[in-house]
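Letter by letter, the chains look like this.
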Amino acid sequence: MESIEVRNVQKKYRRKTVLRDVTFSAGPGECIGILGGNGSGKSTLLKTLAGVLRPDGGSFTLGGADLFRDDKRRAAAVGYVPQGTPLLRELTAMDHLRLWYRPEALRRGLNGGVLEMLGVTGFLKTPVGKMSEGMKKRLSIGCALASNPRVLLLDEPSAALDLVCKANILDYFCMYRNRGGILLIATHDPQELELCTGYRLLRDGVTEPYEYRGDLRRLSEDMKS
Amino acid sequence: MRPGFWPYLILRLQRVGKLFLPLLLVAALLMTGIGWFGVSLVRQDEAGAQRVEIGVVGDFEDSILRMGMFALRNLDSSRFSIEFVQFSEESEAKSQLRAGKLNGYVKIPEHFVEDVYRGSFQPLTYVTAPGAQGVGTALTDEVIASVSELLSVSEDAVYGAEQYARDHGVMLEEGSAGDVLAMRFLEQILRRDELLQVEILGIGDGLSLSEYFLCSFFVMFLLLWGVSASPVFAGQDMELGRLLKCRGLGSLRQILAEYLSYLCLMLSTVLCLCLILLLILRGLDLGGDIPARLLESGFLLRAVPVGMALGALQILLYECANGMLQGVLLQFLAAVSLGYVCGCLYPVGFFPELLQQIGNILPAGLARQYLSAALSGQSGGWLLLGLAGYGLVFLALSAGIRKHRLAE
Amino acid sequence: MLHFRSLLCWWGLLNKRLLKRPGFWAVLLAVPVLVLVLTLAASRNGGVVRIAVGLEEPQSPAARQVAQRLTERESVLETVLCESADEARTLVETGRADGAWLLPADLEERFDRLSAGEAVPLVTMVVQEDNVLLQLSREKLFAALYPDLSYALFAGFAESELQERSEEEIRKYYGIIQRNSRFIEFAYSDGSPVDPMESSFLVTPVRGILALLILVGALVSAMYFAQEAEAFVWMRRRKRFLLPFLCHLILTLDLAVAVLAALGLSGLVSSWPRELGSMALYCTACAGFAEVLRNILGKPRRLGAALPLVLLAGLALCPIFLNVRRFRMVQVLLPTFLYLYGIRSGEFILYLAGYTVLSWALGLILARIRGTEEPGEA
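Each residue is numbered by its place in its chain's sequence as written, counting from 1. Labels are handed out in written order, letters beginning with A for the chains and numbers beginning with 1 for the ligands. Side-chain atom pairs in this predicted model are given and counted only at pLDDT of 80 or more, local residue features only at pLDDT of at least 70, and totals for whole chains, interfaces and linings cover all residues. Where side-chain values are given, they derive from all heavy atoms of the structure, hydrogens and water being excluded.

A few words now on the packing of aromatic side chains. Two rings from Phe, Tyr or Trp (for Trp, the six-membered ring) form a pair when their centres are within 6.5 Å of each other. A pair whose planes differ by under 30 degrees is stacked, one over 60 is edge-to-face, and the rest are tilted. On inspection of all chains with the given rule, the structure shows 29 aromatic pairs over all chains. Look at F185(B) and Y146(C): their rings are 6.3 Å apart centre to centre, the planes differ by 50°, and that puts the pair in the tilted class. Remark: Y146(C) occurs in helix α6 (residues 132-160) and F185(B) occurs in helix α7 (residues 177-190); the pair is interchain, linking two chains. We note that F185(B), like Y146(C), is buried. Taken together, a centroid distance of 6.4 Å and an interplanar angle of 10° make the contact between F225(C) and F232(C) stacked. Think of it in three bands: residues with accessible area under 20% of the maximum for their type are buried, residues over 50% are exposed, and the middle band is partly exposed, with areas taken using a 1.4 Å probe on protein chains only. For F232(C), a relative accessible area of 1% translates into the label buried. Joined through ring pairs, the aromatic side chains of W100(A), W10(C), F225(C), F232(C) and W234(C) make up one cluster. Helix and strand definitions here come from DSSP, where helices need a minimum of 4 consecutive H or I residues and strands a minimum of 2 consecutive E residues; each element is numbered from the N-terminal end.

A sheet is described by the order of its strands in space; here 5 strands give the open sequence β2(B)-β1(B)-β3(B)-β4(B)-β5(C), paired in mixed fashion. At either end of the open sheet lies a strand with only one pairing partner, and these are β2 (82-87) of chain B together with β5 (184-188) of chain C. Shown here is a sheet whose adjacent strand axes are inclined to one another by a mean of 25°, direction ignored. Two strands are counted as paired when DSSP detects at least two bridges linking them. Strand direction decides the pairing type here: strand β1 (residues 52-57) of chain B and strand β3 (residues 104-107) of chain B, joined by 4 bridges, are parallel. Paired with V56(B) across the two strands is V106(B), which belongs to β3(B). Whether two residues are in contact is decided by their heavy atoms: any pair within 4.5 Å suffices. For helices, the fitted axis covers only the stretch in contact; all axes are lines through C-alpha atoms, and the angles between them, taken along N-to-C directions, range from 0 to 180 degrees. Together, β1, β2, β3 and β4 (124-128) of chain B form the strand contacts of helix α4 (residues 90-98) of chain B, whose direction differs from that of β3(B) by roughly 165°.

For the rest of this paragraph, the subject is the domain arrangement of chain C. The domain limits used here are those given by an automatic or database domain assignment. Looking at the assigned domains, one finds that chain C contains domain 1 (14-42 + 200-370) and domain 2 (50-174). Of note, the centres of domain 1 of chain C and domain 2 of chain C, computed from C-alpha atoms alone, are 49 Å apart.

Okay, the pattern of salt bridges next. Basic side-chain nitrogens of Lys or Arg form a salt bridge, by our definition, when they fall within 4 Å of a carboxyl oxygen of Asp or Glu. Under the defined criterion, the tally for this structure stands at 30 salt bridges over all chains. Ionic pairing is found between E2(A) and R73(A), a salt bridge with its closest N-O pair at 3.6 Å. Taken together, the residues E2(A) in the segment before β1 (4-13) and R73(A) in helix α2 (residues 71-77) connect sequence positions 71 residues apart. Looking at E2(A), the relative accessible area reads 29%, which means it is partly exposed. Here E78(C) and R50(C) are joined by a salt bridge, their closest N and O atoms 3.3 Å apart. Of this pair, E78(C) sits in strand β2 (residues 78-82) while R50(C) sits in strand β1 (residues 50-55), placing them 28 residues apart in sequence. Owing to a relative accessible area of 22%, R50(C) belongs among the partly exposed residues under this scheme. Among the charged side chains, a network of salt bridges with common partners joins E258(B), E319(B), R402(B) and R405(B).

All names here are of chain B. Secondary-structure assignment places S228 in helix α8 (residues 209-228). Judged by its relative accessible area of 1%, S228 is buried. Two N or O atoms count as a polar contact when they lie within 3.5 Å, although within protein this holds only if one can serve as hydrogen donor and the other as acceptor, and sequence-adjacent residues are included solely when both atoms are side-chain atoms. Among the polar contacts made by the side chain of S228, one reaches the main-chain carbonyl oxygen of W225 at a distance of 2.6 Å.

All names here are of chain B. At a minimum axis distance of 9 Å, the contact between helix α1 (residues 5-17) and helix α11 (residues 251-284) shows a crossing angle of 35°. By crossing handedness, the relation of α1 to α11 is classed as right-handed. Side by side, α1 and α11 meet where F5, Y8, L9, R12, L13 and V16 of the first sit next to R253, Q254, L256, A257, E258, L260, S261, C264 and L265 of the second. Looking at the contact of α1 with α11 residue by residue, the class counts come to 10 nonpolar, 2 polar and 3 charged. Whether a crossing is left-handed or right-handed is set by the direction in which the near helix is turned from the far one by less than a right angle, anticlockwise for left-handed and clockwise for right-handed. Throughout this entry, Asp, Glu, Lys and Arg are counted as charged residues, while Ala, Val, Leu, Ile, Met, Phe, Trp, Tyr, Cys and Pro are counted as nonpolar. The remaining residues, Gly among them, count as polar.

Below, the discussion takes up the arrangement of the chains. When the 2 pairs of chains in contact are compared, the highest contact count belongs to chains B and C. As for chain B relative to chain A, no contact occurs, and the smallest C-alpha gap between them is 12 Å.

Turning next to the confidence of the model for chain C. Close inspection of predicted coordinates is inappropriate in any region flagged by low pLDDT. Predicted confidence across chain C gives a mean pLDDT of 85, with 93% of residues reaching 70 or more. The pLDDT value tells you how sure the predictor is about a given residue, anywhere from 0 up to 100. Here residues 372-378 of chain C is a poorly scored stretch, pLDDT under 50, and it has 27 contacts once near neighbours within four places are set aside; other chains count.

At the interface, 117 residues of chain B touch 124 residues of chain C. Summed over both partners, the accessible surface that disappears when two parts come together, traced with a 1.4 Å probe, is what is meant by buried area. A combined buried area of about 11400 Å² lies between chain B and chain C, and 69% of that area is made up of carbon and sulfur atoms. Joining chain B to chain C, the criterion identifies 4 salt bridges. The residue R98(B) makes a salt bridge to E347(C) at a minimum N-O spacing of 2.5 Å. At the boundary of chain B with chain C, the tally comes to 15 residue pairs in polar contact (both at pLDDT 80 or more). For the side of chain B that touches chain C, the element with the highest residue contribution is helix α6 (residues 135-168) of chain B, accounting for 28 residues. Its residues placed into classes, the side of chain B that touches chain C shows 67 nonpolar, 29 polar and 21 charged. Relative to strand β4 (residues 123-127) of chain C, strand β5 (residues 196-200) of chain B is paired through 5 bridges, and the arrangement is parallel. Residue V198(B) lies in a different strand from β4(C), and its bridge partner there is M125(C).

This brings us to the interface of chain A and chain C. Each side of the interface is counted separately: chain A has 26 residues, and chain C has 25 residues. A buried area of about 2500 Å², summed over both sides, lies between chain A and chain C, and 61% of it is on carbon and sulfur atoms. Considering only the surface of chain A that becomes buried against chain C, R54(A), E90(A) and W100(A) emerge as the three largest contributors, covering 26% of it. Applying the counting rule to chain A against chain C returns 3 salt bridges. Where chain A meets chain C, there are 4 residue pairs in polar contact (both at pLDDT 80 or more). For the side of chain A that touches chain C, the secondary-structure elements that each account for two or more residues are α2, α3 (93-100) and α6 (133-144) of chain A. Counted by class, the side of chain A that touches chain C contains 14 nonpolar, 3 polar and 9 charged residues.

Throughout this description, the term nonpolar core refers to a set of buried Ala, Val, Leu, Ile, Met, Phe, Trp, Tyr and Cys residues connected via side-chain atoms within 4.5 Å. L97(A), L139(A), F173(A) and M279(C) are the most contacted members of the largest nonpolar core, which totals 326 residues. For this core, the element with the highest residue contribution is α6(C), accounting for 17 residues. Beyond its immediate sequence surroundings of up to four residues, L97(A) is in contact with L106(A), L110(A), L115(A), V120(A), L124(A), L139(A) and C143(A). Formed by 10 residues, the second largest nonpolar core is a distinct cluster that contains A85(C), A88(C), V92(C) and A100(C).

To continue, consider the sheet that holds β5(B). If you trace the 5 strands from one edge of the open sheet to the other, you get β5(B)-β4(C)-β3(C)-β1(C)-β2(C), paired in mixed fashion. This sheet does not close on itself; its edge strands, each paired only once, are β5 of chain B together with β2 of chain C. Mean inter-strand twist for the sheet, computed between neighbouring axes without regard to direction, equals 25°. Of the strand pairs in this sheet, strand β3 (residues 99-103) of chain C and β4(C) are connected by 4 bridges, and their pairing is antiparallel. Looking at β4(C), one finds that G99(C) is bridged to V127(C). Most of the contacts of helix α4 (residues 85-93) of chain C go to β3(C), to which it runs at about 165°, and overall it touches β5 of chain B together with β1, β2, β3 and β4 of chain C.

Residue and element names in this part refer to chain B. By secondary structure assignment, the location of I290 is in helix α12 (residues 290-296). What makes I290 partly exposed here is its relative accessible area of 30%. In this structure, the C-alpha to C-alpha distance between I290 and V304, residues 14 residues apart in sequence, is 19 Å.

All right, on to the pairing of strand β4 (residues 57-62) of chain A then. Residue and element names in this part refer to chain A. The buried fraction of β4 is high, at 5 of 6 residues. As defined by bridge partners, β1 adjoins β4 across 5 bridges and the pair is classed as antiparallel. Note on β4: the bridge partner recorded for Q10 is G57. Relative to strand β5 (residues 65-66), β4 is paired through 2 bridges, and the arrangement is antiparallel. From the neighbouring strand, L62 faces β5, where its bridge partner is A65. In this structure, the hairpin formed by β4 and β5 is closed by a connection of 2 residues, where G63 is found at a positive phi of approximately 60°.

Rendered as structure tokens:
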């Protein structure tokens, strides 16, 4: 079971430096909560690690292999669930799954696999335009898991979900973590924070370890200062 | 606070205001482009005629051919409208045709002159440009076909004279019967312009070609302008609309506010630019009397109801299209179809009677005629009513569609 | 095999996202319908210029014969026969005709006087303004006058030079040779023949307009891609470069189906294999062009603002309404120009192929430099 190491990751948008020097690590079965105020760069960090954005410096290793330089390995090892639900309105759930899953993996996922666990099988023929937010989120997570990743990057995964749906999704993440997966969650949500085994506060482009003890007021003050 | 009509209108104006500068730049470039296009169509060169360039490929060692080229370039009446360029190799002519320097070229077969004397020859080949057959190409081709007929008829008569001379044993002092007759034909063909007595009446109540194209291109410009507003008006999300509806701002008032903001944007970019351009042209004494006529005839003032009617059409098209993709494609199809059928690209007189009648009652046709009426000093009252009617219908339809979309 | 099936799957699903929109179907169906309506309505041509042919003496056989020749032949000029010269003149004065050709009562005598060497005009032409179209249209008038004029010249020559007085003999030898073949034949630069009247000049711009529709479609796809790009966030970075090309190509090919149907209905297709090949190449070129522009301009708003400029450049510089022989360096930047020229010229098809390769390569390089493989960054 391999660990991830994020070292000195930097990212700039034109002249603005969003990530200056991000460094942390996580092992199997760990869930790291990335905390920070709005605009602090949490989503940017996750996008950079996911390969959506190109980093300006640093490394992101899994078992010693730098995933920034190995696109193929990163695609296989890292799953990313973005903040919104980036799906094509006209296509059905099944259409989306066919885009991202290989045929055998799709069959496995639908028959007792992760897709069945997420409950996606219940709305395979529904177009995205007619789905609820919960259904869309579950489908997004299903798409992110197509490569059976060992690392899952989640950007506010349960935002705008109802309580039941939220609970189901968090249960799945808990199970994923317990099976040795590594989770990085950018969040403000207390229930998501409860899932985490460690925390990093992102401030001024730099992460630092943070001790969260369930005190949201203190957290918000720390984010401001 | 209940969102009223005016606050929503101000909000829309603020939104479209961000497009003002880029669209002003686009409008400036569009106008320059359309102006150049129009000038290309009606341009007069120093000799007073637009010149078509035709290459002639042949062996000009032959004196008859050399004489023929000389006659074409210096004596024939077509010399004012056609320029003949000599080539000894077909490859040169082909490359000039490819580069767009020629409209076409004529290929004279080898031993052509001798074959003509013998009475049996291969025809000349006129090689035309590979592009689509536009008006210019069609007209050039028809001119060549007419010239071919003149030459065929002449040649048959010359052979007839030769045959007569052989059958009756006639010898002429000047040369063979065919040669003498051929010179007479040649003289007549070269002087054929003198066969016409031309009476020019002057423009009168109608418009000159330049003025016609000025009005039609202006309408085309407004039609094409609709495409540029697509980033703001195409594929609008109805969530805000539903929220406004809940707060008492119904579909009609929403459409009205959006239409007014669209109109402000369109008219401010177009009219500002026109006014500035015309004042500059008049100040620098460029463009003949056209700038002064446009300023004094109320052309710009008439552009306002024209913009209102066409703007309403464009709002309707954006409302019909549920998404940016369909919105832009519909705007394009509508702009080019209407522009074409209503005489904004080809003069309306080019079309059959039925199409002319249809084109003249469509919005772009009414718009063109209304602007033309300004230049020819007519009131255009009925045309204005027609434009107003179209504008109201389009807005009403837009409101109806919006109501339906909000209810979905 | 797996890659091919995967590509097919992508192709099908990306296409499905377009074809599930009723609005898109409306556009696809509107194209052939509009073109069919125009083709039917334009089947009776109008004319580049409208000429009223007026007879000073309706009973004059020579004038009637010339008038018949003018009005019966198919032409890009529209000729209207009037029963009197005054009627023809009135049409011009009221702007209902561009010009009038007034054939005199003594036309036959004038032919004879001409052949005797006297300088005498044959026809009076009345115009409001004498423009280049009217000047070129005169050749048609000369062609209609010429059979009678040439006979008069021949007869005059026969009498004065050949001492022949017998009308019968003169007519016999005048018509003794009738080759009935054209002096000049028409061809395109690839050697294929052309009939000057093969298609209505009103309908031929349709090909160019529809080609522009495909170009617009490619540009709209480029604008639209920015909205959709996030949906492809799970794609590997290396493959993500090709994704916008694929999206643009799918849209252009869908439009191409509608365009080909329209061209078929309008009778503008001469060879289907050539048509299909050049259309496929053109769609690919448009995809490359759109991607280059997307990478240069960046934001969808800028692309939207540039759209009318590209349209105008297409209408003005491509051989749709005019065959403009200037600004060739700018013309070759537009795939529409190369496509339209390539319909009749294999050379230009090769240029189009080269253009396609270059535009795709440039699009990829610009994407790399700009870093616009990242969704939502454009």
